[in-house]
Amino acid sequence: MKKILGIVAGVCLGLITQAQNLDDLTDCNEEKFIGKNSETYTPPPYTPKRDAWKKWRRGRNYRLTHTLQKDRLASAGTTIITAEDIALAPARNLLDLLELYVPGAYWINSEEGKLIGMRGWMAPRNLRYQVFVDGVNVNQQSHSGAINELENWDMDDIAQIEVIRGAAAARYGAGAVSGVILITTKVAVAGKKTQVGGNYVSGYNNYGGNFTHTVANDDLTFTFFGSWQRTLGATVNTFATNPRGLFNPEIGYIGQSFPFFSDFSRPSFTLLGDYDGEPQMKLAAELNILNKWKVKARYTSAGTVLNGVGMQSLQQVGLVIDSVTTDVNGFPVYNYSREFTGFVNLKAFRTRQMMASLSREWHHLDSTTNRGYFIKALASWNTQDFQSRSDSTYTYGVDVPEFLRSRFGNLDDPLYKRYNFGETTLNAQVTGTYILPIGQIALGADYTRKNITTGWNDLPTEIRLGDGGVLIHSENSTIFGLPSQYGGISDNLYAFGFVGNGWVSDRWDFFGELNLSPVKWFNLTASTRVTTHSFSKPAWNHRLSLSFPINHAHLLQFNGQIANRLATEEQLHEIFSYNRLAPPEKSMSYEARYLFTPNDQWRFGVTVYQNRSEISNLNRPLAENFITVGQMQYSGIEAEVSFKTRQLLVRANYTHLVPGLVDYYNRNYQDSLQVESMFFKNTPNEMAKLLFRYRFFNQRAAIQANVRAMWNYEFARDDTDIIIKGLFDVWEFLATSADELQDIRNFRNTFEEQNPYSLDARLDISASLKISDNITVSAYVLNLLATNKARRYTFDDGLQANELRAADANLGVNVLTDFFYSYQRLQFIEEPTVFGARVKLTF
């Protein structure tokens, strides 16, 4: 009972206390509650979190400019090849990619390696094209120009390739005259991923694989790529002429239709085979710290047989005494027979490269004033090793010393190495850009130190470079004083030929740019760049661009450029040995572009251009100056159209080149006519390309077809159809016997049956399937259909393609003799139809 009364009493007291508290709260005001007078409180305004720089930076690039230009203004005249394009491409290497995707681009074989043609320009070496990998110039400046990265079979590490058609020297420096190739490699995106890939290409007997590992988080990303490729090469039909036949000039397919006593009766080179069986390798690593500091390292090795129209070589390794007799005076007479090794591809080259770079960007933008800055800095180290063997081997008799005979059996003997050197580059560049509400102003500097030296692991006395391999170490070189027919260097022209262990050169570039957009429908960009070099006169490069983005659909653009090319490092050194500075080779170009993009699916573009270029060459025969021997002018038009949806992509383009006049100055024969006909006669005047790609199975499968056609080889046909007919008529007239006349007619019939330089049209197909998130397979057929036996012509340097002109006699031309070699320009290989397959596993 007492417990019950206690509970009731407690409940009552609680209710009374609660009621009192409610009365107090009812009477309480704000001042009593907090004990002081209240103040007005205004919360801060809401500001969304955003990065003003990222917003402004989006949709801009510095592909053509030092400042950041809107993508639309920098899109005309450029081609972007994506990782998807590469994965689906029926391509063996980067050269095939250019021919597949870039309007007007193509390549042919030559004795110096593969040569790029773009906008009507092709020369014996790729000296007017510049190749960059992640911002680092990988050109070989000593001799070959653009040669690295072009023939690597594995391109799985490439994220994007940007190809600038035409001059861009104000942006990328002297030498960027005919085109620029910008390679961007893949980097880690998110999380951790490992990929393993493999490939096989029939016909060329190519197989290999690669490995990729990436790690990414908020503070750090890391990427590693490794690749290994072996290519045995393809045996193909190779057509050539031999003007120095034993009895008469010879013509036909190498190793098939030449007489048994001809050098050309030996088998032809294997196509795209590895250098001495050494596989291609590629190793690359990239580290990105806090999305600010980027550290990259890369190693590549590539080499191949020079696939012009040469035969394999028989290396003589010695003489065997078959018998001994005596002459009338009783002295012994030795009867020898020659011993040879098996067939070898002596004409080949190898290039190896290592590079490392460190880069950083700083930026700031005030969103309220639209003023700010960004700074780019890049430091890089790049070293290259280059070796190119000559295909000239000669048999020899008893008059050759015994010590020299033994050297002919060694494929690595310096006698066979026409070019053998190393090139190391240190580079530092910085660009600062100030951002204004109506534009940008950029200033920058670029310093490069070149060290031309001996090749990797070579003896100092083995260095050899210069046009024709005439620059060597000293009299201690093992090839000095030997006759040229044995691969040696004569001792009678060495006023400039000794370079010791090499040399060092310094190059400074200073540049500036003004980019103004005072109104939405107008943009002006003016760029200038001056290049100074230890051995060259200054080169000034300028670019002026006026753009009129009339509205979202229409863009009109006018560009004018002055671009210069310096002579190669070896040429500059030769000239400097005479205490002279070489002048640069100057080019001028003008462009008018119209771009129409009515919506996100359709895109139309037309570009009209005109180029005028000096033609410079070493002064002969002592190479004491770099002189302008003439100039050439040509123009053209490029038309492009593309249609794109989520599933379908169609691109088509057409290019038409209009060669102009080649004006040669009154120089001697060796200075001018040696380069007279090489340019236009290797170029098709018209070209068309079509790409069709369709995706299905919810974007997991794709098929692609590439069609390209080249025709109207106007200048080449002038040689083969007009000039050569006059040659054959004269040749037949000079025949001294019925047998000789019949040989000439057989030669003529063989030549004319080839129908040279007609339409070259090809169809390639490819397909890919993503079987699962972990497995992707793809396959392609190259040259599925082709006209004219899928011929790939060989570069003709024009040495023996002189027209019959009275003025030639004043230049020291033997009209009849030089004219007789015109038929040499008909040289080609017939590329096979091949099947390629790739597989990629992702973990």
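Report follows, based on the coordinates. Here the structure is a predicted model, which means the values were calculated and not measured. (Residues numbered from 1 in each chain as written. Predicted model: local features only at pLDDT ≥ 70, side-chain atom pairs only at ≥ 80, totals over all residues. Heavy atoms only, no water.)

1. As for the sheet that holds strand β3 (residues 78–82)
- Strand order in the open sheet formed by five strands is β3-β8-β9-β6-β7, with mixed pairing between adjacent strands. Edge positions in the open sheet fall to β3 and β7 (136–137), since each of these has one partner strand only.
- Across five bridges, the pairing between β3 and strand β8 (residues 158–165) is antiparallel. Its bridge partner being in β8, Ile-81 is matched across the sheet by Ile-161. (Pairing = 2+ DSSP bridges. Helix = DSSP H or I, 4+ residues; strand = E, 2+ residues; numbered from the N terminus.)

2. Considering the pairing of strand β19 (residues 348–366)
- Both strand β16 (residues 293–305) and β19 contribute to a ladder of 13 bridges, which runs antiparallel. Paired with Tyr-299 across the bridge in β19 is Met-354.
- Bridge count for β19 against strand β20 (residues 371–389) is 18 bridges, and the pairing is antiparallel. Bridge assignment links Met-355 to a residue of β20, and that residue is Asn-382.
- Taking the residues that link successive antiparallel strands as the turn, the β19-β20 hairpin has four residues, and the phi of Asn-370 there is positive, at about 55 degrees.

3. What to know about the nonpolar core
- Formed by 43 residues in total, the largest nonpolar core has its most connected members in Leu-97 and Ile-161.
- Those elements that place two or more of their residues in this core are α5 (94–101), β6 (129–133), β8, β9 (179–185), β30 (602–618), β31 (626–644) and β32 (648–664).
- Ranked by size, the runner-up nonpolar core spans 32 residues in total, among them Phe-349, Leu-415, Ile-452 and Ala-582. (Core = buried A, V, L, I, M, F, W, Y, C linked by side-chain atoms within 4.5 Å. Buried < 20%, exposed > 50% of the residue type's maximum accessible area, 1.4 Å probe, protein only.)

4. Quick word on the packing of aromatic side chains
- What the rule picks out here adds up to 33 aromatic pairs.
- Between the aromatic rings of Tyr-207 and Trp-228, the centroid separation amounts to 6.1 Å while the plane-to-plane angle is 50 degrees, which identifies the pairing as tilted. Of the two residues, Tyr-207 is situated in strand β11 (residues 206–216) and Trp-228 in strand β12 (residues 220–231); the sequence distance between them amounts to 21 residues.
- Judged by relative accessible area, Tyr-207 falls into the partly exposed class, the value being 36%.
- Classification of Trp-228 as partly exposed rests on a relative accessible area of 34%. (Phe/Tyr/Trp six-rings, centres within 6.5 Å; stacked < 30°, edge-to-face > 60°.)

5. Structural notes on the pattern of salt bridges
- Evaluated as defined, the whole model comprises 41 salt bridges.
- As a salt-bridge pair, Glu-162 and Arg-63 come within 2.4 Å of each other at their nearest N and O atoms. Of the two residues, Glu-162 sits in strand β8 while Arg-63 sits in the loop between β1 (60–61) and β2 (69–70), which places them 99 residues apart along the sequence. Here Glu-162 matches Arg-63 in class, with each residue buried.
- Each of Arg-92, Asp-96, Glu-99, Arg-708, Asp-760, Arg-762, Asp-764, Arg-792 and Glu-831 takes part in one network of salt bridges that share partners. (Salt bridge = Lys/Arg side-chain N within 4 Å of Asp/Glu carboxyl O.)

6. A look at the sheet that holds strand β13 (residues 237–242)
- In space, the four strands of this open sheet follow the order β14-β13-β38-β37, with antiparallel pairing throughout. Of all strands in the sheet, those with a lone pairing partner are β14 (250–253) and β37 (791–793), marking the two edges. When strand polarity is set aside, the average angle formed by the axes of neighbouring strands in this sheet is 15 degrees. (Axes fitted to C-alpha atoms, helices over the stretch in contact; angles between N-to-C directions.)

7. Thoughts on the side chain of Glu-99
- Here Glu-99 shows up in helix α5.
- With relative accessibility at 2%, the residue Glu-99 sits in the buried group.
- Side-chain polar atoms of Glu-99 contact the backbone nitrogen of Trp-107, separated by 3.3 Å.
- A polar contact of 2.8 Å, which involves the side chain of Glu-99, links it to the side chain of Arg-792.
- Not counting residues within four places of it along the chain, the set of residues in contact with Glu-99 comprises Ala-105, Tyr-106, Trp-107, Lys-689, Arg-708 and Arg-792. (Polar contact = N/O pair within 3.5 Å; in protein donor to acceptor, adjacent residues only side chain to side chain. Contact = heavy atoms within 4.5 Å.)

8. Section: helix α11 (residues 738–753)
- Over its 16 residues, α11 runs 22 Å from end to end, which matches the ideal 22 Å to within 8%, given 1.5 Å per residue.
- All buried positions along α11 are accounted for by Ile-744, Phe-747, Arg-748 and Phe-751. Taken down its axis, α11 places every buried residue within 100 degrees of arc, on the same side. Those residues of α11 that are exposed and aimed more than 90 degrees away from the buried face are Ala-738, Asp-739 and Glu-753.
- The secondary structure elements touched by the buried residues of α11 are β14 and α10 (714–733). (Expected span 1.5 Å × (residues − 1). Arc of directions from axis to C-beta.)

9. Regarding the side chain of Lys-282
- Checked against the element boundaries, Lys-282 lands in strand β15 (residues 280–289).
- On the basis of relative accessibility, which here comes to 3%, the residue Lys-282 falls in the buried class.
- Polar side-chain contacts of Lys-282 include one of 2.8 Å to the backbone oxygen of Asp-154.
- A distance of 3.1 Å separates a polar atom in the side chain of Lys-282 from a polar atom in the side chain of Asp-157.
- Not counting residues within four places of it along the chain, the set of residues in contact with Lys-282 comprises Asn-152, Asp-154, Met-155, Asp-157, Phe-225, Gly-226, Ser-227, Arg-298, Tyr-299 and Thr-300.

10. Structural notes on the packing of α10 against α11
- Interaxial distance between α10 and α11 falls to 10 Å at its minimum, and their mutual angle equals 170 degrees. Looking at the two axes, α10 sits roughly antiparallel to α11. Contacts between α10 and α11 involve Thr-720, Ile-724, Lys-725, Phe-728, Asp-729, Trp-731 and Glu-732 on the former and, on the latter, Leu-741, Ile-744, Arg-745, Phe-747, Arg-748, Phe-751 and Glu-752.
- When the residues that make up the contact of α10 with α11 are grouped by side-chain class, the tally is seven nonpolar, one polar and six charged. (Parallel < 35°, antiparallel > 145°, perpendicular 65-115°, else oblique. Nonpolar A, V, L, I, M, F, W, Y, C, P; charged D, E, K, R; others polar.)

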